[in-house]
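# Architecture and fold: a report
Residue strings, one per chain:
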Amino acid sequence: MTYVVGSHHVTLSVGGAQEDVDFHTKVLGMRFIKKTVLYDGSTPIYHLYYSNANGDPSSVVTTFPWAQAGLYGSRGTNQAREVFLSVPSTSLDYWNKRLGQHEVETQMTEVFGERRVNFRHPSGIEYVLVGNEGDPRVGFTGNGVSAENAIHGIHGTGIHVYDQDRMVEFAQDVFSAKGNIQEEGNRARFQVGDDKFGNYIELTGNRTDDQGTWRYGAGTYHHFAWNLDNLENQNKIKFEIEGAGYTDISELKDRTYFKSHYVRTPGGALFELAVTHNEGGWDCDESPEELGQAFMLPAFFEDQRSAIMDQLEPIES
C-alpha cells in the first residue's frame, strides 16, 4: 500500500535572514507565508516559510538562518544537496535572464531529457529550476514574476550518496517508490508516492567529497518532508520503517502547522514524515490574506516574545 502522497516541504540551513527573504521573494518571486522560530533547542533562530500562490503541500521552502548564531555546515556526500523547483517548461530562458539580472550565476543543463537552470542560494546551497509541462500547481506572481513563469512548487530532492543501491532499497522496500528507476551517468532518479509532480528523488553517486554535515549549519540542506496526508498513514509508515530495521526515527513532534516524525535514511538525507492535521495549516494562526506579515510564536514561547525578538536580526519582507 502507498502511504506517501508526495512532497510536503523542504527545509534548509541558510546564512543571513534578510538575504534569504530577498532571495526567495525578490529574486525567485515566491510568496512569504510564515515568520516564526525554530522550536528545538535554546538558541532563538528564525524559521521562514515561502511557497507558491496557495501554499500547497509540495510547494513550500522553509529556512533557518544560522549565520547570526555563527554556525556553519559543510556540503558533501551522504547528504541532501540540491533544491529542485518546478517551473513551466517555456520559462527557463526567462529565469536564466532574470537570475543574471540579479547577479546570480547560472548554468543551463539538460538532464533526463529536461532543461534545467542551475544556480546557488547566497549561502551556497544548490538550486535547480526544472521545466515541466502540465504542472497544475499555481505559481505566485510576486516581484515582477508573471503567471507564465512563476514557480509551481517543489520538483524533488537531490541527494549525494556514496552507495546509491542502499537508498534505492530503502525507497522500494518501505518508502512508496513507484515506477521504473531512470539512470543517466552517475545519477538515478525515481518518484515517491501518488502525486504526478513534486516527488522526485534524484541520487548522485559521489565517492569523492567528504561526508557532509548533518547538524544545523548555514549553507546546508537540513531535511526533505513528505506528505502522509493523515495521521493513520503517518503511523503505519513509521511502523513499517521501524519494522524493516530503520529505527533511527523520532517521536511525533507538533510543529503547529503540521505534525511530524523524522527518519535518517541510509543515504544520509533526513526525511520528515509530515501531516497537516485538522488544527494546523498555514492559516491556523493568520488569515490566508495576511500570511507572513506577523511574527508568530507557539504558545509555549509566547511569554518570551520580547526576549526572542531582541536576539533576532530585524527583517523586512
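As shown above, the structure is provided for reference.
Here goes a summary of the coordinates provided. Throughout, a residue's number is its position along its own chain's written sequence, starting from 1. Thresholds applied to this predicted model are a pLDDT of at least 70 for local features of residues and 80 or more for the giving and counting of side-chain atom pairs; totals over whole chains, interfaces and linings are not thresholded and use all residues. To obtain the side-chain values, all non-hydrogen atoms of the structure were used and water was disregarded.

To continue, consider the sheet that holds strand β8 (residues 126-132). Only strands joined by at least two bridges in the DSSP assignment are considered to pair. To qualify as a helix, a DSSP run of H or I must reach at least 4 residues; to qualify as a strand, a run of E must reach at least 2; elements of each kind are numbered from the N terminus. Taken together, the 8 strands give an open sheet; going across it, the order is β6-β7-β8-β5-β9-β12-β11-β10, and neighbouring strands pair in mixed fashion. Taken across any chain shown, the strands that pair with only one partner, and hence form the sheet edges, are β6 (107-111) and β10 (177-184). Averaged over all adjacent pairs, the angle separating strand axes in this sheet is 25°, with direction ignored. Between two residues, a contact is recorded if the distance between any of their heavy atoms is within 4.5 Å. Only the stretch in contact is used when fitting a helix axis, every axis being a line fitted to C-alpha atoms; angles between N-to-C directions are given from 0 to 180 degrees. Each of β5 (79-88), β6, β7 (114-120) and β8 is contacted by helix α2 (residues 92-101), which is oriented at about 15° to β7, the strand it contacts most. The strands touched by helix α3 (residues 164-174) within the sheet are β9 (153-161), β10, β11 (187-192) and β12 (200-205), with β12 carrying the most contacts at an inclination of about 160°.

Strand order across the open sheet formed by 8 strands is β2-β3-β4-β1-β13-β16-β15-β14, with mixed pairing between neighbours. Of all the strands in the sheet, just β2 (31-37) and β14 (253-254) have a single pairing partner and so form its edges. Of the strand pairs in this sheet, strand β15 (residues 259-264) and strand β16 (residues 270-275) are connected by 6 bridges, and their pairing is antiparallel. Along β16, the bridge assignment pairs Ser-260 with Ala-274. Packed on one face of the sheet, helix α1 (residues 17-27) meets β1 (6-14), β2, β3 (46-51) and β4 (60-65) and runs near 5° to β3.

Multiply 1.5 Å by the residue count of a helix minus one, and that product is the helix's expected span. Its 13 residues place the ends of helix α4 (residues 231-243) 18 Å apart at the C-alpha level, agreeing with the 18 Å of an ideal helix rising 1.5 Å per residue. Per-residue accessibility, obtained with a 1.4 Å probe over protein chains only, is compared with the maximum for each type, and a residue is labelled buried under 20%, exposed over 50%, and partly exposed between these values. What α4 keeps buried is the set Asn-233, Gln-234, Ile-237, Lys-238 and Ile-241. In an axial view of α4, the angular spread of the buried residues amounts to 130°, which keeps them on one side of the axis. Relative to its buried face, α4 has exposed residues pointing more than 90 degrees away, namely Glu-232, Asn-235, Phe-239 and Gly-243. Residues of α4 that are buried make contact with α3, β15 and β16. Here a polar contact is taken to be a pair of N or O atoms separated by no more than 3.5 Å, where protein atoms must pair a possible hydrogen donor with a possible acceptor and residues adjacent in sequence count only if both atoms sit in side chains. Between the side-chain oxygen of the N-cap and the backbone nitrogen of Glu-232 there are 3.1 Å, and the N-cap of α4 in question is Asn-230. Count one or two residues on from α4 and you reach Gly-245, which has phi positive near 100°. This arc is built from the directions going out from the helix axis to the C-beta atoms.

Within β15, 6 of the 6 residues are buried, which leaves the element mostly enclosed by the surrounding structure. Side chains of β15 alternate between two faces, with Lys-259, His-261 and Val-263 and Ser-260, Tyr-262 and Arg-264 buried alike. Hairpin remark: β14 followed by β15, antiparallel, with 4 residues in the connecting loop; positive phi at Thr-256, about 70°. Here β15 folds back onto β16 in antiparallel fashion, the turn holding 5 residues, of which Gly-268 has a positive phi close to 95°.

If you trace the backbone, Asn-233 turns up in helix α4. Since its relative accessible area comes to 12%, Asn-233 is described here as buried. Within the structure, the side chain of Asn-233 is placed 3.3 Å from the backbone oxygen of Leu-228, a separation counted as a polar contact.

What follows is about the environment of Arg-187. Tracing the backbone shows Arg-187 in strand β11. Judged by its relative accessible area of 27%, Arg-187 falls in the partly exposed class. Sequence separation between Arg-187 and Asn-206 is 19 residues, and the spatial gap between their C-alpha atoms is 9.6 Å. The residues contacting Arg-187, other than those within four sequence positions of it, are Val-111, Phe-112, Arg-116, Gln-164, Gln-182, Glu-202, Leu-203 and Thr-204.

Once that is clear, we can look at unusual backbone geometry. Here Glu-103, not a glycine, exhibits a phi torsion of approximately 60°, which is positive. With respect to the helices, strands and loops of the structure, Glu-103 is situated in the loop between α2 and β6. By relative accessible area, which is 76% here, Glu-103 ends up exposed. Its identity as a non-glycine residue notwithstanding, Ser-176 has a phi of 60°, on the positive side. With respect to the secondary-structure elements, Ser-176 resides in the loop between α3 and β10. Its relative accessible area of 12% is what places Ser-176 among the buried residues.

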